[in-house]
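Overview (structure and organization)
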Amino acid sequence: MKEVTASSRHYVDRLFDPDPQKVLQGVIDMKNAVIGNNKQKANLIVLGAVPRLLYLLQQETSTVELKTECAVVLGSLAMGTENNVKSLLDCHIIPALLQGLLLPDLKFIEACLRCLRTILTSPVTPVEVLYTDVTVVPHLMSLLSRSRYTQEYICQIFSHCCKTPEHQTVLFTHGAVQNIAHLLTSPSYKVQMQALKCFSVLAYENPQVSMTLVNVLVDGELLPQVFVKMMQRDKPIEMQLTSAKCLTYMCRAGAIRTDDNSIVLKTLPCLVRMCSKERLLEERVEGAETLAYLIEPDVELQRIASITDHLIAMLADYFKYPSSVSAITDIKRLDHDLKHAHELRQAAFKLYASLGANDEDIRKKIIETENMMDRIVTGLAESSIKVRLAAVRCLHSLSRSVQQLRTSFQDHTVWKPLMKLLQNAPDEVLVVASSTLCNLLLEFSPSKEPILESGAVELLCNLTQSENPALRVNGIWALMNMAFQADQKIKTDILRGLSTEQLFRLLSDSDVNVLMKTLGLLRNLLSTRPHIDQIMNTHGKQIMQAVTLILEGEHNIEVKEQTLCILANIADGTTAKDLIMTNDDILQKIKYYMGHSNVKLQLAATFCISNLIWSEEEGSHERQGKLRELGIVDILHKLVQSTDPNLCDKAKTALQQFLS
């Protein structure tokens, strides 16, 4: 290290020479010494070159030529390692460069911008530095017209530093759209590309920007048409892909219809082309991920994509890359692709998930693709969290199919790796994995039994205690599916695992979805007479309390209807009936809801009465007498006149019981 440092020291020493001409020559020699030489860059930083260069850059007595050469050297140092950039940031290089942009000399401005671009696009630089001083963005906008270099660097800075909706708003309100649009027709390819990238990050999930872009004219042509032209096959791949992203984002933000020709005939086929074997790894990844995003909410686009260029089969190749027979002769490229092959798998899973989101035939095609289920099972256990998440998303999409739940899912015991994944995954994986488990626990799914035996009850009961409402919903939803038409043992296990306290905590949950699913669980637990009687025998008091609270509370119609259906189930029990008949408060509530303005609630309340008065059942005479005193018969006479045929029928049936 000593010898190397010694040979570098004279470069730094010359920066302190009293003769300005020698200082300039020293900086120029330093510039030539560091180009492409990371070791030399590191040495000069260690020897303190940066503070001196920054001093000279800001010194009023320095000539413009010296300042420019200093900015060039600093830019070259920034091109080295991330540690170099950290050292430059520690020396407060950004304020110095921003200050430099206020001088009139164009060459100097360009050198400052080039250096700023390198530093701001480094992963170690927080993008917020662009926004802390509110004068920076408008000043950069004003420099856009100075030269093709200022255009290229500033657009690159904007596209890299636009990470949040707030950033989009700042750039948008300072005229980014108007200032950047005409750059799409620049004679410089680099300027065109950076401008395109700006539009893609500005439009992403931003309806305000996207709606504006649709109406922007560039040389008399609407912006979407400019993007369409940039997707033509004779254009560079990077340009095709970025234009397709712009149109995708505008479409997803609601500014372009999903059945518009620019989407169906141009963007979608362009993105499918990007998935072909001929493309580079990163192009295939970006193409598949963008296409997955484009078609995610739209079944028609999913159908079109699924029959374009054999896409479903083409994606199967994503799992075989790079293979031993790959035509990659470039060793560096092969090394890079081996390190990034997992990104291909992630992208394929994502796109399969979007393709199969709604259509049964497409799901069937995906599952019939060679070794598909095995690939998902492998994906669920990969070391990369992103691949695991994408694989579970894909599985979730396919698990919406009743047919597949009964066949392929059974043959490949996908529930095993899924259960393993649920043991200790981050929330975003847990949400999708538990949703998938909900589907695997449906009554017609053969996976239900083995999942129960593998300790699912405990796992799901734990999910219901999560801080995350989505996980609470999924945990209780899965338990609800598990309890549907289940035997007494499973129901007892669920009640024991959940504990009465937790069940009632969920019944007062602030999230209405959690409340609805908990009521659904309770309704499924309280089905078939022996089960109803047994559960009400042990938990009757608390359940009646919870029912009372919900019927008294400020809840929506669906919640109250579900609660009345639970009461109707209780009324169907043999001994459980008494818990309603001896509770005057509840009887008054049933009476109240029979006269409610909402037909659904009237129906559910009338159903309760029917179950209480069935004349063949023991004690029906006494129950009928009590309900007659309450005025129930009078209400039923009114309900027979209802315009709703269902309600009219229910009321007639109930009245017949009173008269028989």
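Keep in mind it's a predicted model, so treat the numbers as computed, not measured.

Let's shift gears to the domain arrangement of the chain. Splitting the chain by domain gives domain 1 (1-125), domain 2 (429-525) and domain 3 (539-659). Taking only C-alpha atoms into account, the centre of domain 1 sits 84 Å from that of domain 3.

Once that is clear, we can look at the layout of surface pockets. Looking at the largest pocket, its volume works out to about 870 Å³. Forming the boundary of the largest pocket are 28 residues, of which Tyr204, Glu289, Tyr293, Glu296 and Lys350 lie nearest the centre. The set of elements that each furnish at least two residues to the lining of the largest pocket consists of α11 (165-173), α13 (189-203), α16 (237-252), α18 (281-295), α21 (331-355) and α24 (385-398). In terms of residue count, α18 provides more of the lining of the largest pocket than any other element does, seven residues in total. Residues of the lining of the largest pocket, tallied by class, amount to 11 nonpolar, seven polar and 10 charged.

Moving on: unusual backbone geometry. With phi around 50°, aspartate 309 is a residue other than glycine that occupies positive phi space. Along the chain, aspartate 309 falls in the loop between α19 (299-306) and α20 (311-316). Judged by its relative accessible area of 47%, aspartate 309 is partly exposed. The phi torsion at serine 499 lies on the positive side, around 70°, for a residue other than glycine. Tracing the backbone shows serine 499 in the loop between α32 (488-498) and α33 (500-507). Exposure remark for serine 499: the relative accessible area of 25% places this residue in the partly exposed category.

Glancing now at the pattern of salt bridges. Throughout the structure, instances matching the rule amount to 30 salt bridges. When the shortest N-O distance is used, the salt bridge between aspartate 29 and arginine 14 registers 2.6 Å. Pair noted here: aspartate 29 is in helix α2 (residues 20-34) and arginine 14 is in helix α1 (residues 2-14), with a separation of 15 residues, a long-range link. Given a relative accessible area of 23%, aspartate 29 falls into the partly exposed group. A residue is classified by how much of its surface remains accessible, and arginine 14, at 27% relative accessible area, is partly exposed. A salt bridge links aspartate 585 to lysine 589, with the shortest nitrogen-to-oxygen separation between them at 2.8 Å. Here lysine 589 and aspartate 585 lie together in helix α38 (residues 584-594), a separation of four residues that amounts to about one turn. A relative accessible area of 11% places lysine 589 in the buried class.

Rules and cut-offs
Counting starts from 1 at the beginning of each chain's written sequence and moves along it residue by residue. Local features are withheld for residues below a pLDDT of 70 in this predicted model, meaning they are given only at 70 or higher, and side-chain atom pairs are given and counted only at 80 or more; totals for whole chains, interfaces and linings count all residues. Side-chain numbers here rest on the full set of heavy atoms in the structure, without hydrogens or water. Delimitation of the domains relies on an automatic or database domain assignment. The method works on a 1 Å grid over the protein atoms by themselves. A cavity is a set of points holding a 1.4 Å probe that cannot get out, a pocket is an open set with protein on both sides within 12 Å along at least five of seven lines, and residues with an atom within 4 Å of a point line them. Grid points are joined across faces, edges and corners, and a volume is the space filled by probe spheres set on the points. Helical segments are the DSSP runs of H or I of at least four residues, strand segments are the runs of E of at least two, and each set is numbered from the N terminus. For this classification, Asp, Glu, Lys and Arg are treated as charged, while Ala, Val, Leu, Ile, Met, Phe, Trp, Tyr, Cys and Pro are nonpolar and the rest, including Gly, are polar. Only protein chains enter the area calculation, which uses a 1.4 Å probe; residues under 20% of their type maximum are buried, those over 50% are exposed, and those in between are partly exposed. Each reported salt bridge corresponds to a side-chain nitrogen of Lys or Arg within 4 Å of a carboxyl oxygen of Asp or Glu.

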